[in-house]
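Spelled out, the chains give:
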Amino acid sequence: MSDSSQQAPSKSQLKRESHALQKLGEKLVSMPRARFDAIDMPQKLREAVLEARNMKSRRALYRQRQYIGRLMRELDASVIRAAIEQQENEHKQAARRFHHLETWRDRLLAEGDALLGQLLEEFPDADRQHVRQLIRHAREESASGKPPAHARSLFRYLQSLPQQKTDDGADMDW
C-alpha cells in the first residue's frame, strides 16, 4: 500500500488551484496600471495581461484569461500573490489614514481649541498657532457660506504631518 502523504493531489484539488490562479490572473488584468507595473513578473505573463486589457471581444478575453491562468501555473504565483496583498494592505492603510484625518478635521472644526491638546498628543509636530488659524478661517468661511478652502487647507496640513510611530518603530496602523 502507498503512503497517503505521498499521493498526488486529487483532480478536484488541481482544478481548485487552477481556478485560483486564473482568478489571480483576472485580478492582474483589472488592477490599475501603476499598481500592475509595480509587480515583478515574467515578461511573457506581463505581455499576456497587457494584451487582455486591450481586448473588446468577450470570447477572446475569455481565451486570454485561460492562457494567463496556464502561464500562472508554470511559475511560483505566491510571489505575485504576496505583492498584490502588500499593495492592497498599503491601500487599505492609506484609506484608514485618510478617514482618520477627515475625522480630525471635522472634529477640529466642530470643537475648536478644546481639541488642540489631543491633536498635539497624536501629532507632536503640529503647529498649534497655524492649526488654530486654519480652524478660525474655516469656521468664518462656513458661517458666510463660502467654499471650504481653509477646511481643505486644514486637511492638507494634517496630511503633511508625519505619521506617529508606535513603540516598536512601525507606522501607526490607522
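Up top is the structure.
A quick note: this is a predicted structure, and the numbers were derived from the prediction, not measured.

## Focus: the overall build of the protein chain
Moving on, step 1. Helix and strand counts for the protein chain come out as eight helices and zero strands.
Moving on, step 2. Seen in sequence order, the protein chain has helices and strands lined up from the N terminus as α-α-α-α-α-α-α-α.
Moving on, step 3. Rg of the C-alpha trace for the protein chain: 25 Å, well past the compact-globule value of 16 Å for 174 residues, more than 25% over.
Moving on, step 4. Expressed along its principal axes, the backbone C-alpha trace of the protein chain runs to roughly 75 × 45 × 25 Å.
Moving on, step 5. Relative to its 174 residues, the protein chain shows a buried fraction of 30%.
Moving on, step 6. Of the contacts made within the protein chain by residues no fewer than 6 positions apart, 55% connect residues no fewer than 24 positions apart.

## Some points on the packing of helix α1 (residues 11-30) against helix α5 (residues 77-111)
Moving on, step 1. Two elements in contact, α1 and α5, have axes whose closest approach is 11 Å; the angle formed by their N-to-C orientations is 50 degrees. Regarding the angle of α1 to α5, the classification is oblique. In the crossing of α1 with α5, the sense of the turn from one axis to the other is left-handed. Across the interface between the two elements, Leu 21, Leu 24, Lys 27 and Leu 28 from α1 touch Ala 77, Ile 80, Arg 81, Ile 84 and Glu 88 from α5.

## Re the pattern of salt bridges
Two side chains of opposite charge can pair, provided their charged atoms sit close to one another.
Moving on, step 1. This structure, assessed with the given rule, holds five salt bridges.
Moving on, step 2. Between Glu 111 and Arg 107 there is a salt bridge whose closest N-O contact spans 3.7 Å. With Glu 111 and Arg 107 both in helix α5 and four residues apart, the pair spans about one turn of that helix.
Moving on, step 3. According to the relative accessible area criterion, Arg 107 is partly exposed, its value standing at 31%.

## Description of helix α8 (residues 149-160)
Moving on, step 1. With twelve residues, α8 should reach 16 Å at 1.5 Å per residue; the first-to-last C-alpha distance of 16 Å fits that figure.
Moving on, step 2. Where the residues of α8 are buried, they touch α5, α6 (116-122) and α7 (128-144).

## Structural notes on the nonpolar core
Moving on, step 1. Counting 19 residues, the largest nonpolar core has Leu 28, Leu 45, Ile 68, Met 72 and Ile 80 as the members making the most contacts within it.
Moving on, step 2. Elements with a contribution of two residues or more to this core: α1, α3 (43-53), α4 (58-73) and α5.
Moving on, step 3. Listed in part, the 17 residues of the second largest apolar core include Trp 104, Leu 115, Phe 123 and Phe 155.

## Points about the packing of aromatic side chains
Moving on, step 1. Summed over the entire model, instances satisfying the criterion amount to two aromatic pairs.
Moving on, step 2. Judged by centre distance (5.0 Å) and plane angle (75 degrees), the rings of Phe 98 and Phe 155 are edge-to-face. Here Phe 155 lies in helix α8 and Phe 98 lies in helix α5, a separation of 57 residues in the sequence.
Moving on, step 3. For Phe 155, a relative accessible area of 8% corresponds to the buried category.
Moving on, step 4. Geometrically, the ring pair formed by Trp 104 and Phe 123 is edge-to-face, given 6.5 Å between the ring centres and 70 degrees between the ring planes.

Rules of the game
- Residue indices begin from 1 for each chain and proceed along its sequence in written order.
- For this predicted model, a pLDDT threshold of at least 70 governs which residues receive local features, and a threshold of 80 or more governs which side-chain atom pairs are given and counted, while totals over whole chains, interfaces and linings are taken from all residues.
- Each side-chain value is worked out from all heavy atoms of the structure, with water and hydrogens disregarded.
- Put simply, DSSP marks the helices as runs of H or I at least four residues long and the strands as runs of E at least two long, and each gets a number from the N terminus on.
- We compute the radius of gyration over the C-alpha atoms and compare it with the globule rule, which gives 2.2 Å times the number of residues raised to the power 0.38.
- To sort residues, take the accessible area from a 1.4 Å probe on protein chains only and compare it with the maximum for the residue type: under 20% means buried, over 50% means exposed, and anything in between is partly exposed.
- Here a residue-residue contact requires only that any non-hydrogen atoms of the pair lie within 4.5 Å.
- Note on geometry: axes are C-alpha line fits, over the in-contact stretch for helices, and angles between N-to-C directions span 0 to 180 degrees.
- By the definition adopted for this analysis, an angle is roughly parallel if under 35 degrees, roughly antiparallel if over 145, roughly perpendicular if from 65 to 115, and oblique otherwise.
- By convention, the crossing between two helices is left-handed when the near helix turns anticlockwise from the far helix through less than a right angle, and right-handed when the turn is clockwise.
- Salt bridge, as used here: a side-chain nitrogen of Lys or Arg that lies within 4 Å of a carboxyl oxygen of Asp or Glu.
- The length a helix should cover is 1.5 Å for every residue beyond the first.
- Nonpolar core, defined: a set of buried Ala, Val, Leu, Ile, Met, Phe, Trp, Tyr and Cys residues in which side-chain atoms within 4.5 Å join the residues together.
- Stacked, edge-to-face and tilted labels apply to pairs of Phe, Tyr and Trp rings (six-membered ring for Trp) whose centres lie within 6.5 Å, assigned for plane angles under 30 degrees, over 60, and everything in between, in that order.

Spatial relationships are all this shows, so hold off on functional conclusions.
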